[in-house]
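Listed here are the chains, written in short residue letters.
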Amino acid sequence: MRVLGIETSCDETGVAVYDSDAGLLGHELYSQIKLHAEYGGVVPELASRDHVRKLIPLIDEILLRTNSKNKIDAVAYTCGPGLIGALLVGSCIGRSLAFAWGVPAIGVHHMEGHLLAPLLEENPPAFPFVALLVSGGHTQLVEVKGIGHYRMLGESLDDAAGEAFDKAAKMMDLDYPGGPHIAKLAERGTPGRFVFPRPMTDRPGLDFSFSGLKTYTLNTVAKHAGEDGLPDDQCCADIAHAFQEAVVDTLSIKCRRALEQCGMNSLIIAGGVSANTRLREKLEHALKKINSQVFYARHEFCTDNGAMIAYAGCQRLLAGEQQGLSVDVFPRWPLDSLGAL
Ligand code: KG4
Ligand code: ZN
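Residues numbered from 1 in each chain as written. Chains lettered and ligands numbered in written order. Predicted model: local features only at pLDDT ≥ 70, side-chain atom pairs only at ≥ 80, totals over all residues. Heavy atoms only, no water.

Caption draft 1: Representation of the site of ligand 1 within the structure. The immediate surroundings of ligand 1 are formed by 20 residues, with Gly136, Asp166, Gly179, Gly272 and Asn276 found nearest. Within the backbone of Gly272, one N or O atom sits 3.0 Å away from an oxygen atom of ligand 1. The separation between a nitrogen atom of ligand 1 and a polar side-chain atom of Asn276 is 3.0 Å. Surface burial for ligand 1 is 88%, taken as the share of its 550 Å² of free accessible area covered by protein chains. At the level of secondary structure, the elements contributing two or more residues to the shell around ligand 1 comprise helix H4 (110-116), helix H5 (161-171) and helix H6 (179-186). A total of three residues in the shell around ligand 1 trace back to one element, the largest contributor, which is H5. Partitioned by chemical class, the residues of the shell around ligand 1 number six nonpolar, 12 polar and two charged. (Near = heavy atom within 4 Å. Polar contact = N/O pair within 3.5 Å; in protein donor to acceptor, adjacent residues only side chain to side chain. Areas by Shrake-Rupley, 256 points an atom, 1.4 Å probe, with all protein chains shown as cover. Helix = DSSP H or I, 4+ residues; strand = E, 2+ residues; numbered from the N terminus. Nonpolar A, V, L, I, M, F, W, Y, C, P; charged D, E, K, R; others polar.)

Written out as structure tokens, the structure is:
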């Protein structure tokens, strides 16, 4: 089965063609980062309009490049969670194309897409495993017994990990999205100059909270700020380092705890923050000690992309699911409400 995948839930327009026999045939991504940069975050209406401009040319390009014209067996598109206008663009175009081509369509849960993205890589883990989903909007630990077989183990009570990276970056006048900028700056940071708290690690449970860490960061920035309102370059690097260490340590302590609690030895990390090199290093080190292993997708499939949607949609279509003719989007949609295959 050859599936066209479409992702438009936020600020990336992603398309891909996945074939259940041949694997991923290709993907294309257009990022709106530059469009939103001057606003310091995603502007929903601008995002929707840009998806309208970019999606059809990208679909044309991927069909041509993968030699898939007239060969698509189904269309998968993100229908939630995300920005309602942005979701509507991909869902309307995806559903309409499937209707015009006379093939089945399926709406995909964006976070299920992220969760399954590491399975696109060579030597993927077998079920069951624990998944850490860390994106701009979510921080969740999930027990995964199979596709759709999800039990929420813990999640953030306030800010998501990616959101915390973005806000910390903004405090130091770094561009949006801040995660990659903090990570780059942290490389030059002096280990140990600042030590930030590891929230909620001193009590049992698998929930997270990053808002206190955000305040701690803000206070540290304010305390060391010069006349221009910012600490000097080295001090910013030291703060970025301390901030990243605190987030990464907190995530890795909870991941280890989740694996032990579930009696499992495979962990998948997915979503934008799973691209963080320090997080990968820390987890590899921590899990080795308990004979466990961490799996993740290549960098370009950690952040939003069409490949993960084509893949997740294909798995559900192969199990016999498909969408009716209506276009339904779900800006809020709990992952553990999905049906198991
Ligand atoms: O999964 P994603 O592309 O979009 C959502 O579904 O939210 O995640 C975006 C988030 C942003 O908050 C961004 O700052 C963060 O992932 N991110 C990173 C890194 N790359 C992206 N955070 C830390 N380190 C990175 N290398
Ligand atoms: Zn995402």
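Having put the structure on the table, let's press on.
Caption draft 2: Expanded view of the pattern of salt bridges. Under the criterion given, the structure shown has 21 salt bridges. As a salt-bridge pair, Asp159 and Lys167 come within 3.4 Å of each other at their nearest N and O atoms. For Lys167, a relative accessible area of 29% corresponds to the partly exposed category. For Glu281, the salt bridge goes to Arg278, with nearest N and O atoms at 2.9 Å. You can see Glu281 and its partner Arg278 sitting in helix H9 (residues 277-288), three residues apart, about one turn around the helix. We classify Glu281 as partly exposed; its relative accessible area is 42%. (Salt bridge = Lys/Arg side-chain N within 4 Å of Asp/Glu carboxyl O. Buried < 20%, exposed > 50% of the residue type's maximum accessible area, 1.4 Å probe, protein only.)

Caption draft 3: Here's a closer look at the sheet that holds strand S4 (residues 74-80). Here five strands make up an open sheet; going across it, the order is S3-S2-S1-S4-S5 and the pairing mixed. Looking at strand neighbours, the two that pair on one side only are strand S3 (23-31) and strand S5 (105-109), the edges of this open sheet. Averaged over all neighbouring strand pairs, the angle between strand axes comes to 20°, with direction disregarded. Across eight bridges, the pairing between strand S2 (residues 12-19) and S3 is antiparallel. Directly across from Asp19, in S3, lies its bridge partner Gly23. Docked against the sheet, helix H2 (residues 44-65) engages strand S1 (2-7), S2 and S3, running at close to 25° with respect to S2. Relative to the sheet, helix H3 (residues 84-101) contacts S1, S4 and S5, its axis offset from that of S4 by approximately 160°. (Pairing = 2+ DSSP bridges. Axes fitted to C-alpha atoms, helices over the stretch in contact; angles between N-to-C directions. Contact = heavy atoms within 4.5 Å.)

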